[in-house]
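Observations on the three-dimensional arrangement
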Protein chains: 2
Amino acid sequence: MTNQSEIKITEVALRDGSHAISHQYTVDQVTATAKALNEAHVPYIEVSHGDGLGGSSLQYGLSKTNELELIEAAVSVADFSKIAVLLLPGIGTIEDLKEAANLGAKMARVATHVTEADVSKQHIQTARDLGMETVGFLMMSHMAPTDKLLEQAKLMESYGADTVYVVDSAGALLPNQVKERIKALKQALNINIGFHGHNNLSLAMGNTLAAIEEGATRIDGSIRCLGAGAGNTQTEVLVAVLEKMGIQTGIDLYKIMDIAEDIVAPYLPKPQEINRDSLTLGYAGVYSSFLLHANRAAEKFSVESRDILVELGKREIVGGQEDMIVDVAAELSKAARK
Amino acid sequence: MTNQSEIKITEVALRDGSHAISHQYTVDQVTATAKALNEAHVPYIEVSHGDGLGGSSLQYGLSKTNELELIEAAVSVADFSKIAVLLLPGIGTIEDLKEAANLGAKMARVATHVTEADVSKQHIQTARDLGMETVGFLMMSHMAPTDKLLEQAKLMESYGADTVYVVDSAGALLPNQVKERIKALKQALNINIGFHGHNNLSLAMGNTLAAIEEGATRIDGSIRCLGAGAGNTQTEVLVAVLEKMGIQTGIDLYKIMDIAEDIVAPYLPKPQEINRDSLTLGYAGVYSSFLLHANRAAEKFSVESRDILVELGKREIVGGQEDMIVDVAAELSKAARK
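Residues numbered from 1 in each chain as written. Chains lettered and ligands numbered in written order. Predicted model: local features only at pLDDT ≥ 70, side-chain atom pairs only at ≥ 80, totals over all residues. Heavy atoms only, no water.

Keep this limit in mind: UniProt positions are given in the numbering used here, feature names are shortened, and annotations may be inferred rather than shown by experiment.
Looking at an unreviewed UniProt entry, one finds chain A named 4-hydroxy-2-oxovalerate aldolase and attributed to Oceanobacillus zhaokaii. According to its UniProt record, chain A has this under Sequence similarities (unreviewed entry): "Belongs to the 4-hydroxy-2-oxovalerate aldolase family."

Take a look at the structure:
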């Protein structure tokens, strides 16, 4: 076990958490939350649409407030915390990144599917040119074996990323799988290793500790668990756990607990929990956007939606291949009739 | 790592979950839940007041329905599952146990504080005489070092328990602490080892996997996380995780997921989550009953309630020593004035 003495946390409730409230953040909410996070000495606060800069759309969900206004609001109250933005090449653009940097964002997190790191090159380099701290964010990391993940992480390192994250987007990884991945990256890379967990299998915290044990020093957390699917590693709980372990985060525990209770919880329409849908996504290891398609196909072909999703997970179907959902449903239906 | 090929789960939503709904279970709810759990092939279903047989009282919370009626209802619909009851000597009596056995309960779980196993002798022996499968349940296991825990577990084994559980009542243990404890018990005892986790530090599932890795074969779960504090290891999620790991539980995954969504969730007043209070209890490692006392003492002495609870945890104050709460508050207040 690598004994980490310091972990730097990025708070993602104002980005990943946007999914949990249907992208309805207001300037007031973001200002109040960012101000309090800054006072609690959270090192990084990510602010963007749930699907990153430029995500506001009919396809990904329309934001109530232009994200640039939210970034500006967060920057205006954060004299300690650095404001981070997420960018998925193909959804957000280099121009979006430049606008965010102009507004005062200091960290760019460039996210790609775990096997598509090559599309991040230009964005990571631009972020560096803009003077931003840069993070490569390998989403759906459970879908690649460790050697493939390592190859892709090395690409991001070669583009100039300061940190590369193993991102368990579907909350599908188990602790031993996290350990194997982080260990391989830690051994082969010379940059910071990060971990971003989701709680679909109730393992966000367990996986996060497994990642830290193997040398991850950058960790994402979300206040009150607020995030896509079943939510993320719960920040205020993580700070408490790390304090018990004697690991420093620099974050004031009581303040972060109070932010969760007094600022964030009151604006949530409902608490984050692990329900049938989010559990199914974690069990199958598929994109949350597949759920609605699978439910429709299940009805049409009189098969179980969960069986479709599990099969899609086995076949490692990714975003853009949604036409496969109907094919799989038809196959399952045919197999059942035999 | 011990590769467990089979884990037997005890569902505790109808006992520990009783805390989460203020002991308001009705015969209809218990009947519907137990019937469905039986159909999903859950091996054991625990039914009792949250504080065990005889717990219905002003001190522990009055049950809406006499627990004997609830046990009878569960037994009447369970031809596969065995109905278990919890008994805390001092709250429940030998007579309560006999009544439960008469109604058809087949498993007795006798619970004591981790350092007080000796009070379970008569109850474990009586349960055996009644032909019941017997479990020794060492509560607040985080409060004893491993050698003390082992000594107490050996007592329960010597009384005739078929299984002994490490019970993380306050949700205060970390995965490595669970591993150390389970490993020691597994090496020294010849009976089944069990683990009962709480989610106050978001580690119920991570700790459960750590316990299984070291050889625990009996695991408690609660549908929809329903239990005291921040709730328990979520059963339907645990079944999914174990399926992914190739470990058999005998439980039908889709059925248990549907019970959570369609039967249990609708009768919950609100979802179980980790809030400031439950996090504080896990962080401090104290009884949930201390919370209200600490809040009152904090107000009286103008100190932080959390500081009182953390100090109580450090001093390993247990139930019955509630007078210490005011003393600690006074000391903290005095120290702050210096």
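Read on for the rest.
**Brief notes about the overall build of chain A**
Basically, it comes down to this: Strands are runs of DSSP state E lasting at least 2 residues, helices are runs of H or I lasting at least 4, and numbering of each runs from the N terminus. Computation of the radius of gyration draws on C-alpha atoms alone. For the globule rule, the value is 2.2 Å times the number of residues to the power 0.38. Should any heavy atoms of two residues lie within 4.5 Å, those residues are considered in contact. Accessibility throughout is a Shrake-Rupley quantity obtained with a 1.4 Å probe, and a residue counts as covered only by protein chains that appear here. Two residue types count as positive, namely Lys and Arg, and two as negative, namely Asp and Glu; His and chain ends fall outside the count. Lys charges are placed at NZ, Arg charges at CZ, Asp charges at CG and Glu charges at CD.
When its secondary structure is counted, chain A shows 14 helices and eight strands. Relative to the 2.2 N^0.38 estimate, which gives 20 Å for 338 residues, the radius of gyration of chain A is 19 Å and therefore close to what a compact globule would have. When contacts within chain A are restricted to residue pairs at least 6 apart in sequence, those whose partners lie at least 24 apart make up 78%. With an accessible surface of roughly 12500 Å², chain A has 46% of that area assigned to carbon and sulfur atoms. For chain A, the separation between the mean place of its 30 positive charges and that of its 44 negative charges on side chains is 5 Å.

**Points about the interface of chain A and chain B**
Threshold: By buried area we mean the combined loss of accessible area, with a 1.4 Å probe, across both parts when two parts are placed together. A carboxyl oxygen of Asp or Glu within 4 Å of a side-chain nitrogen of Lys or Arg is what we treat as a salt bridge. Nitrogen and oxygen atoms within 3.5 Å of one another constitute a polar contact, given that in protein one can donate a hydrogen and the other can accept it, and given that sequence-neighbouring residues count only through two side-chain atoms.
Between chain A and chain B, the contact holds 42 residues from the first and 42 residues from the second. Roughly 3700 Å² is buried in total at the junction of chain A and chain B, and carbon and sulfur atoms are behind 58% of that figure. A per-residue breakdown of the area chain A buries against chain B is headed by Lys244, Tyr254 and Tyr283 of chain A, which together make up 19% of the total. Inspection of the region where chain A meets chain B yields eight salt bridges. Asp262 of chain B serves as the salt-bridge partner of Arg276 of chain A, at 3.1 Å between the closest nitrogen and oxygen. The tally of links between chain A and chain B comes to 20 residue pairs in polar contact (both at pLDDT 80 or more).

**So, helix H3 (residues 67–77) of chain B**
The condition that has to hold: Partly exposed residues are those whose accessible area sits between 20% and 50% of the maximum for their type, while under 20% is buried and over 50% is exposed, using a 1.4 Å probe and protein chains only.
Every buried residue of H3 of chain B is accounted for by Glu67, Leu68, Leu70, Ile71, Ala73, Ala74 and Val77 of chain B. Capping the start of H3 of chain B, Asn66 of chain B holds a side-chain oxygen 2.7 Å from the backbone nitrogen of Leu68 of chain B, two or three residues further along.

**Digging into unusual backbone geometry**
Residues and elements named next belong to chain B. Phi angles above zero are rare outside glycine, and Met140 is one such case at about 55°. By the secondary structure assignment, Met140 is in the loop between strand S5 (133–139) and helix H6 (146–159). Residue class for Met140 comes out buried when judged on its relative accessible area of 3%.

**A short note on the domain arrangement of chain A**
All names here are of chain A. Note the cut-off: Domain borders in the structure are assigned automatically or taken from a domain database. When residues are grouped by polarity, Ala, Val, Leu, Ile, Met, Phe, Trp, Tyr, Cys and Pro land in nonpolar, Asp, Glu, Lys and Arg in charged, and all others, Gly among them, in polar.
Per the domain assignment, the segments making up chain A are domain 1 (8–266) and domain 2 (276–337). The centre of domain 1, based on its C-alpha atoms, is set 28 Å off from the matching centre of domain 2. Taken together, the contact pairs 11 residues of domain 1 with 11 residues of domain 2. Buried surface at the junction of domain 1 and domain 2, both sides included, amounts to about 820 Å², of which 64% is carbon and sulfur. Taken together, the links from domain 1 to domain 2 amount to zero salt bridges. Our enumeration of links across domain 1 and domain 2 arrives at three residue pairs in polar contact (both at pLDDT 80 or more). When its residues are assigned to classes, the side of domain 1 that touches domain 2 shows six nonpolar, five polar and no charged.

**Considerations on the side chain of Asn232 of chain B**
Relative to the helices and strands, Asn232 of chain B is located in the loop between strand S8 (218–221) and helix H9 (235–244). Not counting chain neighbours up to four residues away, the residues in contact with Asn232 of chain B comprise Val12, Asp16, His196, Gly197, His198, Asn199, Ala204, Ser222, Cys225, Leu226 and Gly227 of chain B.

**Focus on the UniProt feature "domain: Pyruvate carboxyltransferase" (unreviewed entry) in chain A**
UniProt annotation of "domain: Pyruvate carboxyltransferase" (unreviewed entry) refers to residues 7–257 of chain A when read in the numbering used here. For residues 7–257 of chain A, the end-to-end C-alpha separation is 18 Å, with 40% helix and 16% strand making up the annotated structure.

**With respect to the relation of the copies chain A and chain B**
There are two copies of the chain, and a rotation about an axis plus a shift along that axis relates them. The criterion, for reference: Copies are brought into register by a least-squares superposition over C-alpha atoms of residues with pLDDT of at least 70 in both.
Turning chain A through 180° and shifting it by 0.0 Å along the axis lays it on chain B, with an RMSD of 0.0 Å. Considering both components of the superposition, the chain copies are consistent with a two-fold axis. Measuring from the rotation axis to each C-alpha of chain A, the shortest distance belongs to Gly206 of chain A, at 2.2 Å.

**Some remarks on the packing of aromatic side chains**
To keep it simple, the criterion reads: Between rings of Phe, Tyr and Trp, where Trp is taken as its six-membered ring, a pair exists when centres lie within 6.5 Å; planes separated by under 30 degrees are stacked, by over 60 edge-to-face, and by other angles tilted.
Overall, the coordinates contain six aromatic pairs over all chains when judged by the stated rule. Here Phe137 of chain A and Tyr165 of chain A contribute two aromatic rings whose centre-to-centre distance is 5.3 Å and whose plane-to-plane angle is 45°, an arrangement assigned as tilted. With Phe137 of chain A in strand S5 (residues 133–139) and Tyr165 of chain A in strand S6 (residues 163–167), this residue pair connects regions lying 28 residues apart in the sequence. The residues Phe137 of chain A and Tyr165 of chain A share a single accessibility class, namely buried. Between Tyr287 of chain B and Phe290 of chain B, the aromatic rings sit 5.5 Å apart at their centres with planes inclined by 50°, giving tilted as the arrangement. Its relative accessible area of 21% is what places Tyr287 of chain B among the partly exposed residues.

**Some remarks on the confidence of the model for chain A**
Stated formally: As a per-residue quantity, pLDDT reports the predictor's confidence and falls between 0 and 100.
Of the residues in chain A, 99% reach a pLDDT of 70 or more, and the chain-wide mean stands at 95. Across the whole predicted complex the pTM is 0.96, and at the interface the ipTM reaches 0.95.

**Examining the side chain of Arg224 of chain B**
For Arg224 of chain B, the position within the fold is in the loop between S8 and H9. Assessed through its relative accessible area of 6%, Arg224 of chain B is described here as buried. There is a polar contact of 2.9 Å between the side chain of Arg224 of chain B and the side chain of Glu261 of chain B. In contact with Arg224 of chain B, other than residues within four places in its own chain, are Glu273, Ile274, Asn275 and Arg276 of chain A together with Gln234, Glu236, Ala260, Glu261, Val264, Ala265, Leu268 and Gln272 of chain B.

**Quick look at the UniProt feature "active site" (unreviewed entry) in chain A**
Residue and element names in this part refer to chain A. Mapped onto this structure's residue numbering, the UniProt feature "active site" (unreviewed entry) falls at His19. Tracing the backbone shows His19 in helix H1 (residues 17–20). Residue His19 is classed as partly exposed on the basis of its relative accessible area of 26%. Residues within four places of His19 in sequence aside, it is in contact with Gly50, Asp51, Gly227 and Ala228.

**Quick word on the sheet that holds S8 of chain B**
Residue and element names in this part refer to chain B. Applicable threshold: Any two strands with at least two DSSP-identified bridges between them are counted as paired. Helix axes are fitted only over the stretch in contact, all axes being lines through C-alpha atoms; the angle between N-to-C directions runs from 0 to 180 degrees.
A barrel is described by the order of its strands in space; here eight strands give the closed sequence S1-S2-S3-S4-S5-S6-S7-S8, paired in parallel fashion. On average, each strand axis in the sheet is tilted by 25° relative to the strand beside it, whichever way the strands run. Across four bridges, strand S1 (residues 8–11) lies against S8 in parallel orientation. Each bridged residue has a counterpart across the sheet, and for Ile9 the counterpart in S8 is Ile219.

**A short note on the pairing of S5 of chain A**
All names here are of chain A. Selection rule: The handedness rule is simple: strands pointing away from the viewer, and a clockwise path from the first strand over the helix to the second, make the crossover right-handed.
Within S5, seven of the seven residues are buried, which leaves the element mostly enclosed by the surrounding structure. Burial along S5 is two-sided: the face carrying Glu133, Val135, Phe137 and Met139 and the face carrying Thr134, Gly136 and Leu138 are both buried. Where the polypeptide runs from strand S4 (residues 107–113) across helix H5 (residues 121–129) and back to S5, its parallel neighbour, the crossover connection is right-handed. As judged from the four bridges shared by S5 and S6, these two strands associate in the parallel manner. Residue pairing across strands places Gly136 opposite Val164, the latter belonging to S6. In the classification by handedness, the crossover that spans S5, the intervening helix H6 (residues 146–159) and the parallel S6 is right-handed.

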